[in-house]
Amino acid sequence: MAKKISQKVRAMFPCYTELEAPKDLSLEAQLEMYYKINLIREFDTKVRELWMEKHIYGLAHSYVGAEAIAVGACAALRPDDWITSTHRGHGHVIAKGGDVSKMMAELHGKFEGYNRGKGGSMHIADVAHGMLGATGIVGSGMPLAVGAAYASDLKGDGKVAVCFHGDGGTHQGVWHESVNMAAAWSLPVIFLTENNQMAIATRLECVAGECNIHLRSTAYCIPGEIVDGFNPFEVYKAVKVAAEQARRGEGPSIIEARFMRLLGHFVADDQPYRDLSKVEPWWEFEPIKRMRAYFLGQKLVKARDLNAIEQRAKDDIAHAIDYAQKACTEPPAGTLYDDVYAHGEIIY
Ligand SMILES: Cc1ncc(C[n+]2csc(CCOP(=O)(O)OP(=O)(O)O)c2C)c(N)n1
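Residues numbered from 1 in each chain as written. Predicted model: local features only at pLDDT ≥ 70, side-chain atom pairs only at ≥ 80, totals over all residues. Heavy atoms only, no water.

**Observations regarding the side chain of Asn-195**
Here's step 1: The topology assignment puts Asn-195 in strand 3 (residues 189–195).
Here's step 2: Ignoring anything within four residues of it in the chain, the contact list for Asn-195 reads Asp-167, Leu-204, Cys-211, Ile-213, Glu-256, Ala-257, Arg-258 and Phe-259. (Helix = DSSP H or I, 4+ residues; strand = E, 2+ residues; numbered from the N terminus. Contact = heavy atoms within 4.5 Å.)

Here it is, written out as structure tokens:
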């Protein structure tokens, strides 16, 4: 029987839902989600430390707290489906099956990294795994997702594109243009809003006429749904339904995964613009704590087996750091201009 949700939780987080595993997911698959959530948590926790110690170049944005969204969504996709990402993309890469060692090498500016050390955190793509790329330009992943979905529609290969973006991104004109085109052409896209209720220092309610982003779907005559963004199983269920609709040719959907940004906007943000005592209670809802309580409470898994999964995630990230720092090499000076400009004739 579902547990009663307290008034206090309801008032703070109205879309909170208790964890209940989807019927079509084996325990093994649920534990794989638990591993990936831990892997993302550990990756971005270490990235923050390494950035502070000046091992990592460029800026980095943490996916800590948002793990349930990427992992829940990607578990509901086929390996050959597409995703597009944001400036906060490490979680998307890992959830879609990317290589943590290659990503860690890239963040260290090493030649063995995803972009041969030239791109850094916000430019990681892994097309072989269907990950079309992170981007520092808010909103720029949206038309990419529509384009990928259009290609799949023309080819009839049954692939779906999930467009991850923040709540801030939904205020860009390109969001509306992308949703409109996908709706008009019935394209297989899922617009998945990671609504952490903040865009850098700006609270959503200060800049949105309608804070319920999923309700904007009515303007485009497509389905829209809101889910608890800290609950990987609810994200999975919503994406599964939306992906099945899209594959049947029924067009795009909007899913708003609501949660709270638990850390600063970027790794060194000490957040003078918000009262951190109001953020603290949100840690109660974070996915690792809740999944652990669920598996133990339902007597599905023993604590020692969950500990072993958590340790495996830690070991895998320790190995990735070791690889980036000890086994990888600096990019040779002669490769400075490689992959930067296309070789070709200029035609006037
Ligand atoms: C086109 C563009 N405008 C502004 C920025 C600066 N900027 C970087 S992240 C960000 C906030 C994005 O907020 P949101 O989409 O909610 O994502 P979140 O960071 O909360 O995950 C802004 C305004 C940018 N990178 N690109």
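**Here we look at helix 6 (residues 141–155)**
Here's step 1: The end-to-end C-alpha distance of helix 6 is 21 Å, a good match for the 21 Å that 15 residues give at a rise of 1.5 Å each.
Here's step 2: Inspection of helix 6 places Gly-141, Met-142, Ala-145, Val-146, Ala-148, Ala-149 and Ser-152 among the buried residues, and these make up the whole buried set. Projection of helix 6 onto a plane perpendicular to its axis shows the buried side chains occupying an angular sector of 160 degrees, all on one side. Exposed residues pointing more than 90 degrees away from the buried face of helix 6 are listed as Leu-154 and Lys-155.
Here's step 3: On its buried face, helix 6 sits against strand 1 (82–84), strand 2 (161–166), helix 7 (173–184) and strand 3.
Here's step 4: Backbone geometry just downstream of helix 6 places Gly-156 in the positive-phi region, at approximately 70 degrees. (Expected span 1.5 Å × (residues − 1). Buried < 20%, exposed > 50% of the residue type's maximum accessible area, 1.4 Å probe, protein only. Arc of directions from axis to C-beta.)

**A look at unusual backbone geometry**
Here's step 1: Positive phi outside glycine occurs at Lys-54, with the angle close to 65 degrees.
Here's step 2: Considering the arrangement of structural elements, one finds Lys-54 in the loop between helix 2 (27–52) and helix 3 (67–75).
Here's step 3: Take Lys-54: its relative accessible area is 70%, and that puts it in the exposed class.
Here's step 4: Phi at Asp-339 takes a positive value of approximately 65 degrees, unusual for a residue other than glycine.

**Concerning the site of the ligand**
Here's step 1: Not every one of the 15 residues close to the ligand is listed here, only the nearest: His-87, Arg-88, Gly-136, Gly-168 and Met-198.
Here's step 2: Summarising the interface, the protein chains cover 71% of the accessible area of the ligand, which totals 590 Å² for the free molecule.
Here's step 3: For the shell around the ligand, the residue count by class is five nonpolar, eight polar and two charged. (Near = heavy atom within 4 Å. Areas by Shrake-Rupley, 256 points an atom, 1.4 Å probe, with all protein chains shown as cover. Nonpolar A, V, L, I, M, F, W, Y, C, P; charged D, E, K, R; others polar.)

**Some remarks on the side chain of Arg-261**
Here's step 1: Relative to the elements of secondary structure, Arg-261 occurs in the loop between strand 7 (253–258) and helix 10 (276–279).
Here's step 2: A polar contact is formed between the side chain of Arg-261 and the backbone oxygen of Ile-200, at a distance of 2.8 Å.
Here's step 3: In this structure, Arg-261 is in contact with Arg-88, Asn-196, Met-198, Ile-200, Asp-269, Gln-271, Tyr-273, Arg-274 and Val-279, ignoring residues within four places of it in sequence. (Polar contact = N/O pair within 3.5 Å; in protein donor to acceptor, adjacent residues only side chain to side chain.)

**Concerning a nonpolar patch on the surface**
Here's step 1: Residues Tyr-150, Leu-154, Met-181 and Trp-185 make up a contiguous nonpolar surface patch of roughly 420 Å² in combined accessible area.
Here's step 2: Relative to the helices and strands, Leu-154 is located in helix 6. (Patch = residues over 30% accessible without salt bridge, like charges linked within 9 Å, V, L, I, M, F, W, Y side chains within 5 Å. Salt bridge = Lys/Arg side-chain N within 4 Å of Asp/Glu carboxyl O.)

**Focus: the pattern of salt bridges**
Here's step 1: Taken as a whole and assessed by the stated rule, the structure comprises 17 salt bridges.
Here's step 2: Among the salt bridges present, the one from Arg-292 reaches Glu-310, with a minimum N-O distance of 2.8 Å. Of this pair, Arg-292 sits in helix 11 (residues 287–297) while Glu-310 sits in helix 12 (residues 303–327), placing them 18 residues apart in sequence.
Here's step 3: Arg-292 sits in the partly exposed class, given a relative accessible area of 22%.
Here's step 4: Asp-322 is the salt-bridge partner of Lys-326, the closest N and O atoms lying 3.1 Å from each other. In this pair, Lys-326 and Asp-322 are both assigned in helix 12, four residues apart and thus about one turn of the helix distant.
Here's step 5: When its relative accessible area of 39% is taken as the criterion, Asp-322 is described as partly exposed.

**Topic: the nonpolar core**
In globular proteins that are soluble, nonpolar side chains generally tend to be buried together.
Here's step 1: With 77 residues, the main nonpolar core has Phe-43, Met-104, Leu-192, Val-239 and Phe-295 as its most contacted residues.
Here's step 2: Sequence-distant contacts of Phe-43, that is, excluding residues within four places in its chain, are made with His-90, Ile-94, Val-100, Met-103, Met-104, Leu-107 and Ile-317.
Here's step 3: Core analysis: the second largest hydrophobic core is formed by 21 residues, Ala-145, Ala-149, Val-179 and Ile-254 among them. (Core = buried A, V, L, I, M, F, W, Y, C linked by side-chain atoms within 4.5 Å.)

**A closer look at the packing of aromatic side chains**
Here's step 1: Counted by the stated rule, this structure contains twelve aromatic pairs.
Here's step 2: With a centroid separation of 5.8 Å and an interplanar angle of 85 degrees, the aromatic rings of Tyr-34 and Phe-295 are classed as edge-to-face. With Tyr-34 in helix 2 and Phe-295 in helix 11, the pair connects residues that are 261 residues apart, well separated along the chain. By the burial criterion, Tyr-34 is buried, and Phe-295 matches it.
Here's step 3: On the basis of an interplanar angle of 40 degrees and a centroid distance of 5.0 Å, the ring pair of Tyr-150 and Trp-185 is categorised as tilted. (Phe/Tyr/Trp six-rings, centres within 6.5 Å; stacked < 30°, edge-to-face > 60°.)

**So, helix 9 (residues 232–247)**
Here's step 1: The end-to-end C-alpha distance of helix 9 is 22 Å, a good match for the 22 Å that 16 residues give at a rise of 1.5 Å each.
Here's step 2: Along helix 9, the residues that are buried comprise Pro-232, Phe-233, Glu-234, Val-235, Tyr-236, Ala-238, Val-239, Ala-242, Ala-243, Gln-245 and Ala-246.
Here's step 3: Where helix 9 is buried, its residues meet helix 2, helix 3, strand 3, strand 6 (224–228), strand 7 and helix 11.
Here's step 4: Regarding helix 9, its N-cap is Asn-231, as a side-chain oxygen of that residue lies 3.1 Å from the backbone nitrogen of Phe-233 further along.
Here's step 5: One or two steps after helix 9, the chain reaches Gly-249, where phi turns positive at roughly 85 degrees.

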